[in-house]
Amino acid sequence: MADVDLNNIKLKAMMQQIKISRSEQNMLDLLAEAAVCSYLVPVDGTDKISFHALQGSGNKVYLVVYADGETFLKDFSADKKQKTVLATFADLIEAVLNESLNMDGFILNPGHEEILFGKDMLKLIKDQMPQKEESSNDDADSKAKEAIEDIKIGDSNKYPEGLRDIINSFGTLKSEVTKIFLRLYQKNPNSDSSEKEMGWLFVIEFNKVCSGDLQKTIFGEFDQVVADYVDNMPYIIINSTSALGKEAMNNAEPVYSQFDE
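Starting afresh in each chain, residues are numbered from 1 along the sequence in its written order. Given that this is a predicted model, residues contribute local features only at a pLDDT of at least 70 and side-chain atom pairs are listed and counted only at 80 or more, while totals for whole chains, interfaces and linings are drawn from all residues. Each side-chain value is derived from all of the structure's non-hydrogen atoms; neither hydrogens nor water enter the calculation.

Enquirer: It is not clear to me how the environment of His52 should be interpreted in this structure. Could you clarify?
Expert: A run of H or I in DSSP becomes a helix once it reaches four residues, and a run of E becomes a strand once it reaches two; helices and strands are each numbered from the N terminus. Within the fold, His52 resides in the loop between strand E2 (50-51) and strand E3 (53-55). Separated by 11 residues in the primary sequence, His52 and Leu63 place their C-alpha atoms 6.2 Å from one another. Here a polar contact is recorded for every N or O atom pair within 3.5 Å, except that within protein the pair must consist of a potential hydrogen donor and a potential acceptor, and residues adjacent in sequence are included only if both atoms are side-chain atoms. Side chain to side chain, His52 and Asp44 meet in a polar contact 2.8 Å long.

Enquirer: What should I look at first to understand the pattern of salt bridges in this one?
Expert: Close approach of charged atoms allows side chains of opposite charge to pair. A pairing counts as a salt bridge when a side-chain nitrogen of Lys or Arg comes within 4 Å of a carboxyl oxygen of Asp or Glu. Scanning the model with the defined rule gives 9 salt bridges in all. When the shortest N-O distance is used, the salt bridge between Lys119 and Glu99 registers 3.8 Å. Separated by 20 residues along the polypeptide, Lys119 in helix H5 (residues 119-128) and Glu99 in the loop between helix H4 (89-97) and strand E6 (105-108) bring together distant segments of the chain. Partly exposed residues are those whose accessible area sits between 20% and 50% of the maximum for their type, while under 20% is buried and over 50% is exposed, using a 1.4 Å probe and protein chains only. Here Lys119 falls in the buried class, since its relative accessible area comes to 16%. Taken together, the salt bridges that share partners define one network made up of Lys12, Asp68 and Glu113.

Enquirer: Help me out: how do you make sense of the nonpolar core in this one?
Expert: If you look at soluble globular proteins, the nonpolar side chains tend to sit buried side by side. In this structure, Tyr39, Val41, Phe106, Leu108, Ile167 and Phe202 are the most contacted members of the largest nonpolar core, which totals 66 residues. Contact definition: two residues touch when any of their heavy atoms are within 4.5 Å. Beyond its immediate chain neighbours, meaning those up to four positions away, Phe106 contacts Tyr62, Leu63, Val65, Phe89, Leu92, Val96, Ile115, Leu116, Phe117 and Leu122. We call a set of buried Ala, Val, Leu, Ile, Met, Phe, Trp, Tyr and Cys residues a nonpolar core when their side-chain atoms join them within 4.5 Å.

Below, the structure written as structure tokens:
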């Protein structure tokens, strides 16, 4: 489950203010704050991930999103195992504009402060969002990619509960991510047992237009999402373009893929 300590206090105050006055300035202030916040998105399923949705007027369907953990827990207090994924405002826009999901927008804190973001508005917002510039920085996996020289890569017969599900959920919300692989690694496999380390190896493949700072941001978000699902084992997250990433993907099936395998 993503971090239910999420609060977004300023955004929630603005949402309450909108209920009092839907002035143009209040709406602009709300959009400006919403654009820099993260959100909780409830998800279900294993092999195929599904999102929660509500039907509005005119049979329109809205993706269910929460601005804070407190409101989320009010609605899901009876279901302690409800899965969530952390998403940015840009992620929500991409999800709504993904035609395969058939969403007409998203609804924030349904039944509480409840703000609707329609598809047409989100299209306009996306058109006005600044594009990420190319960066000459090295791959975002610098903490692990070539530092592990003596490593054995394999697969597990059993994965932590919810880990594969949350990987699927994350990939579905990130249009920049084309594949995510999950392997096991063992450092120094030929050394004394005291020097060995077994952990999870995540390999993320990005589309051609995603690079630089945007990749780093996605790596950080993925780190937050999977941290609670690794059963306290160490893990590393690397780019598919690294030497270790290429080795890990060799003859392996991705846990998540945008494309039919």
